[in-house]
Amino acid sequence: VLSSGAVALIDASYLIEQSERPDGVMLPRQALPDAAFVSLSELKAAQNPFPFLRIACCSHCWLQPDHPDPRGHNLRAVGRALKLLVKSFGR
């Protein structure tokens, strides 16, 4: 599924960083910079001390017809949750 491009993984550190910006908002996938994503080759090369992949899934409806998160509410909530997960399990 990852190699097809149907699913893309966003780096937790990118989302945490964006959530801490005063003007941070959740952008549509199509508007994210390439640096926001973790590639399949990066995922395969990552050192993982656990016998499983540490992937969190997040899906939410758009809060307005033209923007998914115009005030950054969802991004801040996701950022807080990811910070706790990273603190518990590492990057």
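Residues numbered from 1 in each chain as written. Predicted model: local features only at pLDDT ≥ 70, side-chain atom pairs only at ≥ 80, totals over all residues. Heavy atoms only, no water.

Caption draft 1: Examining the nonpolar core more closely. In this structure, Tyr14, Leu15, Ile16, Met26, Leu32, Ala36, Leu75, Val78 and Leu82 together form the largest nonpolar core, which totals 9 residues. Those elements giving two or more residues to this core turn out to be helix H1 (12–19) and helix H3 (73–89). Apart from the residues within four sequence positions on either side, Ile16 is in contact with Gly79, Leu82, Lys83 and Val86. (Core = buried A, V, L, I, M, F, W, Y, C linked by side-chain atoms within 4.5 Å. Buried < 20%, exposed > 50% of the residue type's maximum accessible area, 1.4 Å probe, protein only. Helix = DSSP H or I, 4+ residues; strand = E, 2+ residues; numbered from the N terminus. Contact = heavy atoms within 4.5 Å.)

Caption draft 2: Summary view of the layout of surface pockets. In this structure, the largest pocket occupies an estimated 1400 Å³ of space. Lining the largest pocket we find 42 residues, and of these Leu9, Ile10, Asp11, Ala12 and Ala56 sit closest to its centre. Of the residues forming the lining of the largest pocket, the biggest block, 7 residues, is contributed by H3. Class assignment for the residues of the lining of the largest pocket results in 32 nonpolar, 5 polar and 5 charged. (1 Å grid on protein atoms, 1.4 Å probe; cavity = no way out; pocket = protein on both sides within 12 Å on 5 of 7 lines; lining within 4 Å. Points joined across faces, edges and corners; volume = space filled by probe spheres on them. Nonpolar A, V, L, I, M, F, W, Y, C, P; charged D, E, K, R; others polar.)

Caption draft 3: Up close: the packing of H1 against H3. With their axes 8 Å apart at the nearest point, H1 and H3 run at an angle of 130° to one another. Judged by the inter-axis angle, H1 sits oblique to H3. The handedness of the crossing between H1 and H3 comes out as left-handed. For the pair formed by H1 and H3, the contact residues are Ala12, Leu15, Ile16, Gln18 and Ser19 on the first element and Leu75, Arg76, Val78, Gly79, Leu82, Lys83 and Val86 on the second. (Axes fitted to C-alpha atoms, helices over the stretch in contact; angles between N-to-C directions. Parallel < 35°, antiparallel > 145°, perpendicular 65-115°, else oblique. Left-handed = near helix turned anticlockwise from the far one by under 90°.)

Caption draft 4: Here's a closer look at the state of the cysteines. If you walk through the whole model with that rule in mind, you get 0 disulfides. Of all cysteine sulfurs in the structure, the one in Cys57 sits closest to Cys58, which takes part in no disulfide; the separation is 7.2 Å. Cys58 sits in the partly exposed class, given a relative accessible area of 48%. (Disulfide = S-S within 2.5 Å.)

Caption draft 5: Local environment of H3. For H3, built from 17 residues, the straight-helix expectation of 24 Å at 1.5 Å per residue is met to within 8% by its first-to-last C-alpha distance of 25 Å. In this structure, the buried residues of H3 make contact with H1. (Expected span 1.5 Å × (residues − 1).)

Caption draft 6: Highlighting the side chain of Asp69. Mapped onto the secondary structure, Asp69 falls in the loop between helix H2 (40–45) and H3. Buried charged residue Asp69 carries no salt bridge. Nearest counter-charge: Arg76, at 6.5 Å. Here His73 takes part through its backbone nitrogen, which lies 3.1 Å from a polar atom of the side chain of Asp69. Aside from chain neighbours lying at most four places away, what touches Asp69 is Val25, Met26, Leu63, Asn74 and Leu75. (Lys, Arg positive; Asp, Glu negative; His and termini not counted. Salt bridge = Lys/Arg side-chain N within 4 Å of Asp/Glu carboxyl O. Polar contact = N/O pair within 3.5 Å; in protein donor to acceptor, adjacent residues only side chain to side chain.)

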